[in-house]
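Reading the structure
So the chains spell out like this:
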Amino acid sequence: MAKKSNIKDMLTKNPKTGIHHVHFKGKDNKNHTLTTGAKNLEDAIRIVKEAKLDDIDMASRANSLNAAAITTIMAGRNVKCDSALDEWATWQGGNASPNTVRSQRIVLVALFNQVGCHKWPVNRLLFEHLDAFVNGNDETKRSNRNMRLASIKSLFKFISAKGYCVGNPSAMLRVKLKNLSHEQKEPTKRLPFTEREYRHLITHTDGFWRFACALSYWAGLRLSDVCNLEWAGIMPEEIVVWTQKSETRVALPLKNALIGNGELQPILMAMMCDHARDPKYCFPVQRAIINDPERRAGLSVAFGRILVELGIEGKSFHCLRHSFATRLGKAGVTVEEIGRFMGHGRSSGEVTAGYIHS
């Protein structure tokens, strides 16, 4: 509570009316003037004390001082953008997959290149710099802009937590959809493989790719989950996978007619005969590749070449996962159940629905 003399300093007397007015700084950090309605100074002081306007004024001034102090401290630290990025990558490595960290780092380096801020203190990066990168006037699609946004927010979440800047310039950052064309807003369409295309794949591939296609088509596994599959997860009645992307446990019942339809068990037996050289992992060679950020894209490239050779256009390996969801959807399985089989979160119904095609 302010002393009486301090409250007195907040008061002025209107020379014409003789009424005292109180001047104070509010929580909005703006100066305000209100009438106390009192001509007597003692009454005016009592009214200010009862309204606690002196407390509001004190709190506002303290907040201003605190912000100024933080700014002074931060200005002395001068953590450079490149150094902050390295620290962030180490921290993010404990929260996300190496591939996610690598992808986000590529985005952030592109931001630094555009702004030319590699050696700047991070507290010099402003909302305007970030907004120009996310919402630049170019042909970048919405999905890529969302990736830029997520990468920037992750970086500044870390920077703010470390106290390297005052506030968070990315807090109000959004993708401005109104500035994008229809083509930019629309997601890239992925179509499921038809059963005829799947049969064509299985007939004309062998080894890893034959097994991978079958596991994705019949069990909905991602390529990364196929590569990281462990022998311990393959059981007589189900396949259990800990997905790499969301670290979710997924149990796929092999006796379900929609998951395997009696075709997956003999393929799994063939896997055991052909690839049982490693005691733990089904595909150790491909696992090493998929978990190496520098090499993982090579698997998708290799599969793309197979599709070209077989005359299958407009598809990728991930489209086999769409085939899985579509088959279950047409059979009347609920979106929630399909999402559970695919390792999606409980609140990801919209994501799951995007895999189901008519």
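So, a few notes on the structure that sits alongside this text. (Residues numbered from 1 in each chain as written. Predicted model: local features only at pLDDT ≥ 70, side-chain atom pairs only at ≥ 80, totals over all residues. Heavy atoms only, no water.)

Some details on the overall build of the protein
Each helix and strand counted, the protein has 17 helices and five strands in total. Dimensions of the protein along its principal axes, counting C-alpha atoms only, are 100 × 45 × 45 Å. Counting every position in the protein, which comprises 358 residues, the buried fraction comes to 41%. Within the protein, counting contacts between residues at least 6 apart in sequence, those at least 24 apart form 61% of the total. Carbon and sulfur atoms make up 53% of the accessible area of the protein, which amounts to about 20,000 Å² in all. Charged side chains in the protein number 51 positive and 35 negative. The centres of these two groups are separated by 6 Å. (Helix = DSSP H or I, 4+ residues; strand = E, 2+ residues; numbered from the N terminus. Buried < 20%, exposed > 50% of the residue type's maximum accessible area, 1.4 Å probe, protein only. Contact = heavy atoms within 4.5 Å. Areas by Shrake-Rupley, 256 points an atom, 1.4 Å probe, with all protein chains shown as cover. Lys, Arg positive; Asp, Glu negative; His and termini not counted. Charge placed at Lys NZ, Arg CZ, Asp CG, Glu CD.)

Considerations on the layout of surface pockets
One number sums up the size of the largest pocket: a volume of about 2,200 Å³. Those elements giving two or more residues to the lining of the largest pocket turn out to be α5 (98-115), α7 (142-162), α8 (182-185), α11 (223-227), α14 (297-310) and α15 (318-330). By residue class, the composition of the lining of the largest pocket is 13 nonpolar, 26 polar and 10 charged. When its volume is computed, the second largest pocket comes out at roughly 270 Å³. (1 Å grid on protein atoms, 1.4 Å probe; cavity = no way out; pocket = protein on both sides within 12 Å on 5 of 7 lines; lining within 4 Å. Points joined across faces, edges and corners; volume = space filled by probe spheres on them. Nonpolar A, V, L, I, M, F, W, Y, C, P; charged D, E, K, R; others polar.)

A short note on the pattern of salt bridges
Enumeration according to the criterion identifies 13 salt bridges in this entry. Lys176 is the salt-bridge partner of Asp131, the closest N and O atoms lying 3.2 Å from each other. Taken as a pair, Asp131 in helix α6 (residues 127-134) and Lys176 in the loop between α7 and α8 lie far apart in primary sequence, 45 residues in all. The class of Lys176 is partly exposed, set by a relative accessible area of 33%. Three or more residues are tied together by salt bridges with common partners; here these are Asp43, Arg46 and Glu50. (Salt bridge = Lys/Arg side-chain N within 4 Å of Asp/Glu carboxyl O.)

Here we look at the environment of Arg287
Tracing the sequence through the fold places Arg287 in helix α13 (residues 284-290). As a C-alpha pair, Arg287 and Val226 span 61 residues in sequence and 8.5 Å in three-dimensional space. Apart from residues no more than four positions distant in its own chain, Arg287 is found in contact with Cys227, Asn228 and Tyr281.

Points about the side chain of Ser154
Relative to the helices and strands, Ser154 resides in helix α7. One polar contact links Ser154 to Gln92, side chain to side chain, over a distance of 3.3 Å. Among residues more than four places away in sequence, those in contact with Ser154 are Trp88, Trp91, Gln92 and Gln104. (Polar contact = N/O pair within 3.5 Å; in protein donor to acceptor, adjacent residues only side chain to side chain.)

Quick look at the sheet that holds strand β1 (residues 11-13)
Pairing is antiparallel across the open sheet formed by three strands, whose spatial order is β1-β2-β3. For this open sheet the edge positions go to β1 and β3 (31-35), each flanked by a neighbour on one side alone. Strand after strand, the sheet turns through a mean of 30° between neighbouring axes, direction not considered. As paired elements, strand β2 (residues 20-25) and β3 share five bridges and run antiparallel to each other. Note on β3: the bridge partner recorded for Phe24 is His32. The sheet strands contacting helix α2 (residues 41-51) are β1 and β2, and the helix crosses β1 at an angle near 145°. (Pairing = 2+ DSSP bridges. Axes fitted to C-alpha atoms, helices over the stretch in contact; angles between N-to-C directions.)

What to know about empty space enclosed by the protein
Applying the stated criterion across every chain yields a total of one cavity of 30 Å³ or more. Taken as a whole, the largest cavity holds about 50 Å³ of empty space. The wall of the largest cavity is formed by Ala219, Gly220, Leu221, Arg222, Asp225, Val241, Thr243, Val250, Leu252, Arg321, Phe341 and Met342. Taken together, the elements giving at least two residues each to the lining of the largest cavity come down to β5 (249-253) and α16 (335-342).

Overview of the packing of aromatic side chains
Taken as a whole, this structure holds 10 aromatic pairs when the rule is applied. Geometrically, the ring pair formed by Tyr198 and Tyr217 is stacked, given 3.9 Å between the ring centres and 5° between the ring planes. Placement of Tyr198 in helix α9 (residues 195-204) and of Tyr217 in helix α10 (residues 207-219) is noted, with a sequence separation of 19 residues between them. Across the pair, exposure class does not vary: Tyr198 and Tyr217 are buried alike. Ring centres of Tyr217 and Trp218 lie 5.1 Å apart, and the angle between their planes is 90°; this geometry places the pair in the edge-to-face category. We classify Tyr217 as buried; its relative accessible area is 6%. (Phe/Tyr/Trp six-rings, centres within 6.5 Å; stacked < 30°, edge-to-face > 60°.)

Digging into the nonpolar core
Core analysis: the biggest nonpolar cluster contains 51 residues, and Leu201, Trp209, Leu215, Leu264, Met271, Phe303 and Leu320 have the highest contact counts within it. If one sorts the elements of this core by residue count, α10 sits on top with 10 residues. With residues up to four places along the chain from it excluded, the contact list for Phe303 reads Phe193, Leu201, Trp209, Cys213, Ser316, Phe317 and Leu320. Counting residues in each nonpolar core, the second largest holds 30 residues, with Val79, Leu108, Ile152 and Phe156 among its members. (Core = buried A, V, L, I, M, F, W, Y, C linked by side-chain atoms within 4.5 Å.)

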